[in-house]
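Tertiary structure, described
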There are 4 protein chains.
Amino acid sequence: MDLGVTEKVKPLIEAVRKLMAEKIVHLSEEYEGEIGNNPQNDRFVLNDRQKEILDELKSEAKKRGLWNFWLTDSEAGYGLTTVEYAYLAEEMGKAPLGAETFNCSAPDTGNMEVLERYGTQAHKDRWLKPLLDGEIRSAYVMTEPGVASSDAVQLSFEAKKDGDEWVLNGEKWWISGAGDPRCQVYIVLAQTDPEAAKHARHTMFVMDADTPGVEILRPMQVFGNDDAPHGHMHMKFTDVRLPADAVILGEGRGFEVAQGRLGPGRIHHCMRAIGQAERALELMCKRGLSREAFGKKIASLGANFDIIANARMEIEMARLLCLKAAYMMDTFGVKEAQPWISQIKVVAPLMATKVVDEAMQMHGGEGISQDQPLARMYTNLRTLRFADGPDAVHRRQVARAELRKYTNEKI
Amino acid sequence: MDLGVTEKVKPLIEAVRKLMAEKIVHLSEEYEGEIGNNPQNDRFVLNDRQKEILDELKSEAKKRGLWNFWLTDSEAGYGLTTVEYAYLAEEMGKAPLGAETFNCSAPDTGNMEVLERYGTQAHKDRWLKPLLDGEIRSAYVMTEPGVASSDAVQLSFEAKKDGDEWVLNGEKWWISGAGDPRCQVYIVLAQTDPEAAKHARHTMFVMDADTPGVEILRPMQVFGNDDAPHGHMHMKFTDVRLPADAVILGEGRGFEVAQGRLGPGRIHHCMRAIGQAERALELMCKRGLSREAFGKKIASLGANFDIIANARMEIEMARLLCLKAAYMMDTFGVKEAQPWISQIKVVAPLMATKVVDEAMQMHGGEGISQDQPLARMYTNLRTLRFADGPDAVHRRQVARAELRKYTNEKI
Amino acid sequence: MDLGVTEKVKPLIEAVRKLMAEKIVHLSEEYEGEIGNNPQNDRFVLNDRQKEILDELKSEAKKRGLWNFWLTDSEAGYGLTTVEYAYLAEEMGKAPLGAETFNCSAPDTGNMEVLERYGTQAHKDRWLKPLLDGEIRSAYVMTEPGVASSDAVQLSFEAKKDGDEWVLNGEKWWISGAGDPRCQVYIVLAQTDPEAAKHARHTMFVMDADTPGVEILRPMQVFGNDDAPHGHMHMKFTDVRLPADAVILGEGRGFEVAQGRLGPGRIHHCMRAIGQAERALELMCKRGLSREAFGKKIASLGANFDIIANARMEIEMARLLCLKAAYMMDTFGVKEAQPWISQIKVVAPLMATKVVDEAMQMHGGEGISQDQPLARMYTNLRTLRFADGPDAVHRRQVARAELRKYTNEKI
Amino acid sequence: MDLGVTEKVKPLIEAVRKLMAEKIVHLSEEYEGEIGNNPQNDRFVLNDRQKEILDELKSEAKKRGLWNFWLTDSEAGYGLTTVEYAYLAEEMGKAPLGAETFNCSAPDTGNMEVLERYGTQAHKDRWLKPLLDGEIRSAYVMTEPGVASSDAVQLSFEAKKDGDEWVLNGEKWWISGAGDPRCQVYIVLAQTDPEAAKHARHTMFVMDADTPGVEILRPMQVFGNDDAPHGHMHMKFTDVRLPADAVILGEGRGFEVAQGRLGPGRIHHCMRAIGQAERALELMCKRGLSREAFGKKIASLGANFDIIANARMEIEMARLLCLKAAYMMDTFGVKEAQPWISQIKVVAPLMATKVVDEAMQMHGGEGISQDQPLARMYTNLRTLRFADGPDAVHRRQVARAELRKYTNEKI
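Residues numbered from 1 in each chain as written. Chains lettered and ligands numbered in written order. Predicted model: local features only at pLDDT ≥ 70, side-chain atom pairs only at ≥ 80, totals over all residues.

As for the overall build of chain A
Across its full length, chain A holds 11 helices and 10 strands. If one aligns the C-alpha atoms of chain A with their principal axes, the spans along those axes are about 80 × 65 × 45 Å. Across the 411 residues that make up chain A, the buried fraction comes to 59%. (Helix = DSSP H or I, 4+ residues; strand = E, 2+ residues; numbered from the N terminus. Buried ≥ 20, exposed ≤ 12 C-beta atoms within 10 Å, placed from the backbone.)

Below you can see the structure in the form of structure tokens.
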């Protein structure tokens, strides 16, 4: 169970760190400053400078051969293991544009995986290629308002057959990335047969974002932030018509596609969260050493030694658990790795929000302000405790896996 | 030690609840929707509808005789004790405009207290009267960038004598309420003698917000929110000239004024925090009963019974501790009550952020969105863990008070 | 809601403290040293010195008029309220023989309450009188091995009618106090009609401890301690015959008796727990001031300020919550007070174990040894998290009471 | 960084598990039942049956070639890495006699390491050989009463030169294993030059346990348990005379010896703690599935799913952290590995006490009684939070290592 940095990934980590330090961190900041800076004051429009920044970052990454690392266990990319990729994801998590620069950002990686694994050749030609090239972006359209989406059988956004076509109606929300003007393709889960067996009621579709009948109602806000231009959009579909070949994998097999999609994505999120926790701990230490109160460095006041030590220990443990989940996935596949994926899905966002919260506290009021990246990190990380299943659902999975060791009865 | 609802305050609580339910809660929401809705798109400008709403609420409160409750132990108001007032503050905390409607909002109450207790007759005529009437608002200008403001001797914003006048120079930040166009008076702490004994270096001033040389640099953001139109402003003073009678209480007595100011204000903040925790628990319960997953009400899934029970227990305890701190202040004065004030200052915001966080989690993604008041409550409450001294400073006070029971040595 | 020390109880608190300091604390220690010091090496036998100590303490308490405080709201005793009694219980909790000295110890107070409230005149003459005089002791025989006793319908120890007599068979365990040779009376819950409605299946009996057929199998150990001579005994009843008038209140009314019994007892336990937490905090502070490491007093090392402050805050809050539960019981009766009793039943033992645990840690290895009272306090307090219902059951009660505010459906 | 079970250690793990299941678990129980069962009722005397059990277990282990695994990185043993050994230690932790059966128990392994690394040939012949053969046992005599032993410069037990001999005087306590009649050799730290530089004041000695002048005052109790016959003894040395060659490594080099000794031992303790946590989780799950309350299996009541899931996650993380610390030690040596050793020293005992505490709670009163192994596990694990340095000292080390990344100043 090698959880370490391999010889293969070592130079990639260095190269990623280098580009982060040289360009990504400060261009991320500039990019954020440009949001909404356009004639319409529309935060979901990209101005020329924003486009330039994205181009510069991506073309530089491509030029340096740092691209599509996430294609683990594949001939198309570097053939990295998930463990190896995890170390890269951690680095990329340290700046807002980190993952996108290397074409490794959510939800695109998950969507590309779906298209590569389950898509037809036509799907691949039309959507996968430009996604792999970083020319367009995508959204995963699953969650619905008014229901507990983690209990997926409650999802009732409908797709009805009408001759050769499918007609989609209903609302979806928290559709991350759908705010970006470059988002051109949606992967959509819809209920196609409410009378079928529980896990055969839904079908996955792929579609052009510009299909008539699609309406973006509003951005959902996260602690008051719209996360523009990416956005987490509330959408409405009215008689949206899709051709028969928009179906992925097959009618009634939507959950199958969804299941396969979620494993790696969760691990990527977690590793990026750990990267953010590392960054927060660094900020905490530097603050503790540079600011004084009552005649002492803040670091040596009160419980701060303990706070720093606890942060270090919790980061170490979460990273190791994440690496083990990655290892399990590499070795036994997503299904077998499920309990470990659930474990890290609970642990990493909780740990990272806690470390960031302590870092904010160590910074005083400045810590929650725009002068530090911490509050933004906090709100992003807090969102992860809902995304891809709330903590409670994952704890339930872990507990049931544990109890099944000792019983054959249904738990 | 009567910590209960007295006969005297009982009808006031009912009256406050009634106005909250009839007008304040929904007008608060409308008011928030209007923020920035003006030709300049300036969130720190009030439009006509905002002014109307404020007028309607305040005049209704006045008409019903519900005004200036905070004037505890005073002939001017109701002569409520701090314990009695605490119950009212809890109710007012449940909606954003709650406290302002009854002219009981921070930082005005603290500032009025300063003016009443330490101000000259001229100060009172010019500033206290319109504040008591709710016609203008005020700001307390103390915290400075770049230093640990809780170690108040580090504050170096300077006021220098120039003949009969004082000349103020420097920056201040996190000046709450200074964004509001109705804010017309500042209470300002400045260093007047850096060579004096530690606690005699600073002086408190009162001044017109429109004095030349005052510049508002920007609003500080709290988790990305500007809290407009109230705002927490970053300000710069350049050669701001004040007359000799702008001094409050006396040169070098700034800390004395500051100390007296903070006791009641902290308790008010805490009681409003407890009100918000109560509201969050109510939302949590209602959500738990109305939403289902996996065939059960959410309330009876997972650890939710425990989460609800813990929230109830922690709210009860924090409320009792706050009431005891209020009682101590009523009975023995601010100074004697200090350890209890520090205790509740640590406990209430921590407890309330925790309860709100659990309530958000129980709501799924909706919980952190604009569709629920929880995220806004969270960011406000999180701020309280810095305001008026960070947790660590108050814990230190509590520990030292405890240890001094057993030693005469300096701790 | 007066939660303070009344004029009435103030001198009693002083008198209790005085006797604690003068005699109880050090005689408690001597008493413990004598346990098992008899020819049989039997820890459940009292030697002459033990008897002398008990006599001396009790007769001194009686002489000073400090006796049976627990008889709240009664003409027989002082007529204290539960709130007033709580302050005394806190003091008595600070030494092992504290409560017994004043004839206020569990399970006697609960048993006396049962006899006073529900017993016949014959029961009172025979058992209540010597109990009130502190001449004998008693046990409450309810919990059974092999079942979750908190789900009381599972209790299956049986009593069958045989003519005019009842015949009892079965096992009971964790029967506290049954190890003491002075324990002469049992209050026993037995199932008399397994076919009856859920809460009418059981009946409460009173009986002589020497009745033939009663066998003490062994002491249950608490973290390896037998808590001799009090003991928590595992017992077996074989054809134990009781007369018809051994029934308390009436056949099938066992739960009714049990319910009434538990309210006050839980509050007494909690207040004594708070007394122990206070004692632990005092020891923690004194240790922190007297021991040095790395050139500093331990109190000012690491997180110790925070640990001390948190202990103080948590004790304050638990005490206030306990006093409020007592107030609710005084004002509205046991049934209405139930959610508050459940709250403090969860809070106080958890808080006190935590404070004692921190105190042990501050003492280094000595803290868990026989040289400090902390480990003994810890194991006693830890037991309270099971006694009279485990935490989970009480949290469930609190949550259901909360949710019932918003629904009429069964929760 | 291979943290997994290697092909080499896999069959050893199986063999250890097999012997645990076949003999060690139930003979451990029988052994414990025999403690004190001798004419003198002396718990620190071994009766014939105890000796038989020890012989049977050890000779069986030897026969199966399962012996002295702890000799990592050595030609004498299996040449296991610390990572490999960790997996074995985890298994051995699951029963009281687990480690001793395989001659892998504390404090012997640490003492053997000292003798092997720093001992003279004479030391090795006389003490190391019988220790390696499991014929005698040993004690490490370091901790002293009345001082904070973690601040080792405070240790003042003295050794004075008298001609060619050393004369030792003073008290030591918490000397684990010194109660066992088979304990025949002590490794003793004594202050030999109070005027020397801080870390050159002490010297390490090796000596026969039967040397005149050594007196065992009493066993220290852990939560009331004497941990007989092993014991944690309070000892007094009066004019104990040792020859010059009793010195290990050299005069004034005591701390050097002590430092080298502690790294591996801490990791062994931690892995055994993790083994106990695993056993507690297993007991928790089985209880949750076998006991019912309120019509449901306990496992699915209240927060129990979350409790089980949290236990699983925390065990996983602690195990991985421990393995990483072992890996660091294998790869970079004790000194470089120090921060990781400190991390796991804090994490493992805290985690394991928490899991065991939850397991006790899930078992009701039975959980803390002699009918379950949990209370015994708890008290042993709780002791680890002091042994080899309290949590606070290790957190301090971790924090300082972290801060030193960003400063060259003394922290």
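Now, onward.
Remarks on the pairing of strand β2 (residues 158-162) of chain B
Residue and element names in this part refer to chain B. Note: β2 against strand β3 (residues 165-176), five bridges, orientation antiparallel. Bridge pairing in β3 places A159 opposite L168. In textbook terms, the turn of a hairpin is the stretch between consecutive antiparallel strands, and for β2 and β3 this stretch comprises two residues, one of which, G163, has a positive phi near 65°. (Pairing = 2+ DSSP bridges.)

Side note on the relation of the copies chain D and chain A
Relative to chain A, chain D is turned by 180° and slid 0.0 Å along the rotation axis, the superposed coordinates differing by an RMSD of 0.0 Å. The superposition of one copy onto the other is thereby described by a two-fold rotation axis. Among all C-alpha atoms of chain D, that of D2 of chain D lies closest to the rotation axis, at 2.0 Å. A shared binding surface is used by both copies, with 100% of the interface residues of chain D retained as interface residues in chain A. (Least-squares fit on C-alpha atoms with pLDDT ≥ 70 in both. Contact = placed C-beta atoms within 7 Å.)

Digging into the interface of chain D and chain A
Every contact between the two is made by 31 residues of chain D and, on the other side, 31 residues of chain A. Going through the elements one at a time, α7 (254-290), α8 (304-332), α9 (334-362) and α11 (391-403) of chain D are the ones with two or more residues in the side of chain D that touches chain A. Class assignment of the residues belonging to the side of chain D that touches chain A gives a composition of 18 nonpolar, four polar and nine charged. (Nonpolar A, V, L, I, M, F, W, Y, C, P; charged D, E, K, R; others polar.)

Notes on the UniProt feature "domain: Acyl-CoA oxidase/dehydrogenase middle" (unreviewed entry) in chain A
The residues that UniProt annotates with the feature "domain: Acyl-CoA oxidase/dehydrogenase middle" (unreviewed entry) are residues 139-236 of chain A. In residues 139-236 of chain A, the share of helix is 0% and the share of strand is 48%. The end C-alpha atoms are 14 Å apart. (UniProt positions renumbered as here; feature names shortened; annotations may be inferred.)

Notes on the domain arrangement of chain A
All names here are of chain A. When the domains of chain A are assigned, the result is domain 1 (10-105), domain 2 (137-252) and domain 3 (256-403). On a C-alpha basis, the centroid separation for the pair domain 1 and domain 2 is 27 Å. Of the residues lining the interface, six residues belong to domain 1; the matching set on domain 2 comes to six residues. The class makeup of the residues in the side of domain 1 that touches domain 2 is four nonpolar, one polar and one charged. (Domains from an automatic or database assignment.)

A short note on the interface of chain B and chain A
Facing the 37 residues of chain B at the interface are 38 residues of chain A. At the level of elements, β9 (292-293), α9 (374-384) and α10 (391-403) of chain B are the ones that each hand at least two residues to the side of chain B that touches chain A. In the side of chain B that touches chain A, the residues fall into 15 nonpolar, 14 polar and eight charged.

Digging into the packing of helix α1 (residues 10-34) of chain D against helix α2 (residues 48-63) of chain D
Residues and elements named next belong to chain D. Running from N to C, α1 and α2 point in directions that differ by 160°, and their axes come no closer than 9 Å. With respect to their mutual orientation, α1 and α2 come out roughly antiparallel. Between α1 and α2 lies a crossing whose hand is left-handed. On the side of α1, the interface is formed by L19, K23, I24, L27, E30, Y31 and E34, while α2 contributes R49, Q50, I53, L57, E60 and A61. Its residues assigned to classes, the contact of α1 with α2 comprises seven nonpolar, one polar and five charged. (Axes fitted to C-alpha atoms, helices over the stretch in contact; angles between N-to-C directions. Parallel < 35°, antiparallel > 145°, perpendicular 65-115°, else oblique. Left-handed = near helix turned anticlockwise from the far one by under 90°.)

A look at the nonpolar core
Burial of nonpolar side chains together is a common tendency in soluble globular proteins. Counting residues in each nonpolar core, the largest one holds 377 residues, and the members touching the most others are C322 of chain A, C322 of chain B, C322 of chain C together with C322 of chain D. Apart from the residues within four sequence positions on either side, C322 of chain C is in contact with A86, I267, C270, M271, I274, I344 and A348 of chain C. (Core = buried A, V, L, I, M, F, W, Y, C linked by C-beta atoms within 7 Å.)

A closer look at the relation of the copies chain B and chain A
Note that the two copies of the chain are related through a rotation about an axis and a translation along the same axis. Between chain B and chain A, which share one sequence, the superposing operator has a rotation angle of 180° and an axial displacement of 0.0 Å; the RMSD is 0.1 Å. Interface overlap between copies is the fraction of interface residues in one copy that are interface residues in the other; for chain B against chain A it reaches 100%, indicating a shared surface.

As for helix α7 (residues 254-290) of chain A
An α-helix turns once every 3.6 residues. As a result, residues three or four positions apart point the same way. Residues and elements named next belong to chain A. With 37 residues, α7 extends 54 Å between its outermost C-alpha atoms, agreeing within 8% with the 54 Å of an ideal straight helix rising 1.5 Å per residue. Along α7, the sharpest kink reaches roughly 30°, centred on L262 and followed within four residues by the proline P264. Most of α7 sits out of view: 27 of its 37 residues are buried. (Expected span 1.5 Å × (residues − 1). Bend = angle between axes of the 7 residues up to and from the residue.)

Side note on helix α6 (residues 121-132) of chain A
Residues and elements named next belong to chain A. Within α6, burial applies to W127, L128 and L131. The buried residues of α6 occupy one face: seen down the axis, they fall within an arc of 90°. Facing away from the buried side of α6 by more than 90 degrees, the exposed set consists of Q121, A122, D125 and K129. Residues of α6 that are buried sit in contact with α5 (108-118), β1 (137-141), β4 (183-191) and β5 (202-208). At the exit of α6 stands G134, carrying a positive phi of roughly 70°. (Arc of directions from axis to C-beta.)

Points about the pairing of strand β3 (residues 165-176) of chain D
Where β3 of chain D and strand β7 (residues 232-242) of chain D come together, eight bridges link them in antiparallel fashion. Residue V167 of chain D lies in a different strand from β7 of chain D, and its bridge partner there is R241 of chain D.

With respect to unusual backbone geometry
Residue P229 of chain A is bonded to the preceding A228 of chain A through a cis peptide linkage, with omega at -5°. In this structure, the amide linkage connecting A106 of chain B to the following residue, P107 of chain B, adopts the cis form with an omega of 0°. Summarising the element assignment, P107 of chain B is placed in the loop between α4 (98-101) and α5 (108-118). One non-glycine residue, N68 of chain A, adopts positive backbone phi at about 55°. Inspection of the secondary structure assignment puts N68 of chain A in the loop between α2 (48-63) and α3 (82-92). The phi dihedral of D227 of chain D falls on the positive side, at around 55°, and the residue is not glycine. Mapped onto the elements of the fold, D227 of chain D is located in the loop between β6 (214-219) and β7. Note on D227 of chain D: 24 C-beta atoms within 10 Å, which makes it buried.

Some thoughts on the environment of M204 of chain C
Residue and element names in this part refer to chain C. Structurally, the position occupied by M204 is in strand β5 (residues 202-208). For M204, a count of 28 C-beta atoms within 10 Å gives the class buried. Separated by 58 residues in the primary sequence, M204 and G146 have C-alpha atoms spaced 21 Å apart.

Here we look at the environment of E165 of chain B
Residues and elements named next belong to chain B. Position of E165 relative to the elements: it lies in strand β3. For E165 and E32, which are 133 residues apart along the polypeptide, the C-alpha to C-alpha distance reads 41 Å. Dropping the residues within four chain positions of it, E165 is found in contact with R241, L242, P243 and A244.

Digging into the confidence of the model for chain A
Mean pLDDT over chain A: 94, with 99% of residues reaching 70 or higher. The ipTM for the predicted assembly is 0.94, set against a pTM of 0.95. (pLDDT = per-residue confidence, 0-100.)

Let's talk about the packing of helix α11 (residues 391-403) of chain A against α8 of chain D
Direction vectors running N to C along α11 of chain A and α8 of chain D enclose 80°, while the axes themselves pass 8 Å from each other. With respect to their mutual orientation, α11 of chain A and α8 of chain D come out roughly perpendicular. On α8 of chain D, the residues that touch R395, R396, V398, A399, E402 and L403 of chain A of α11 of chain A are F305, D306, I308, A309, R312 and M313 of chain D.

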